[in-house]
Amino acid sequence: MNGAQMLSHDWFPQPLPANVEIGERSWCYSSFAFLHYRSQRPCGVRVGHDSGIYHGTFFELGPDGEVEIGNYATLVGAIISTNARIVIGDYTFVSHEVVLADSMAARPFEKGCQPESVDSLTTIVVGENVWVGARAVLLSGARLGNGAIVAAAACVDFEVPAHGVVAGNPARIVGWAK
């Protein structure tokens, strides 16, 4: 899907933003996910093939916000709030009410307001085959290696090595996935 297209199953009477790309056989529950979307990037959100963006997921992007979601990825009720870049790898599962934010508070970017500057072009990286538990919070600086697991309600703002298991607030490494 490219351009300002309506989702055939959508209850919300708005098209997807023109700079959103959704891959083949991927699912987006509604254009309502983009209610607070302000990205002016050539491609503000790119979703790979065979991925799912399910009920309750929101893209609250500022004018410089950009999100890339890999193939076979699933987001269920995640809130993505950024004015920078967030990358989510292939085969990754992001559970209910997970927040990915480049500032300490996820908030919509109002039209005409200057967003806070961010330190890095890519603020959050979620590797391939990563599981993120319900109500976890991934803040700027979170870099989850391939195969990492984030426990429910963990708060992560650091690099998690491949296959690391983190839990707690603040999160710490508590084990290794096999």
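Residues numbered from 1 in each chain as written. Predicted model: local features only at pLDDT ≥ 70, side-chain atom pairs only at ≥ 80, totals over all residues. Heavy atoms only, no water.

Peer 1: What am I meant to see in the pattern of salt bridges here?
Peer 2: In the structure shown here, the tally under the stated rule is seven salt bridges. Its salt-bridge partner being Arg-25, residue Asp-50 comes within 2.8 Å of it at the nearest N-O pair. With Asp-50 in the loop between strand S3 (45–47) and strand S4 (52–54) and Arg-25 in the loop between strand S1 (20–22) and strand S2 (27–28), this residue pair connects regions lying 25 residues apart in the sequence. The class of Arg-25 is exposed, set by a relative accessible area of 59%. Here Arg-85 and Glu-68 are joined by a salt bridge, their closest N and O atoms 2.8 Å apart. Of this pair, Arg-85 sits in strand S9 (residues 85–88) while Glu-68 sits in strand S6 (residues 66–69); the two residues are 17 residues apart in sequence, bridging distant segments of the chain. (Salt bridge = Lys/Arg side-chain N within 4 Å of Asp/Glu carboxyl O. Helix = DSSP H or I, 4+ residues; strand = E, 2+ residues; numbered from the N terminus. Buried < 20%, exposed > 50% of the residue type's maximum accessible area, 1.4 Å probe, protein only.)

Peer 1: Help me understand unusual backbone geometry in this model?
Peer 2: Peptide bonds are, in most cases, trans, and in most cases residues other than glycine have a negative phi. Going from Asn-169 to Pro-170, the amide bond is cis rather than trans, its omega being 5°. Note that Pro-170 resides in the loop between strand S19 (164–167) and strand S20 (172–176). In the Ramachandran plot, Arg-135 falls in the positive-phi region, its phi being about 60° despite a non-glycine side chain. Among the structural elements, Arg-135 can be located in the loop between strand S13 (131–132) and strand S14 (137–139). Given a relative accessible area of 54%, Arg-135 falls into the exposed group. Here the phi dihedral of Ala-153 falls at roughly 65°; this positive angle occurs in a residue that is not glycine. Secondary-structure assignment places Ala-153 in the loop between strand S16 (149–150) and strand S17 (155–156). Given a relative accessible area of 44%, Ala-153 falls into the partly exposed group.

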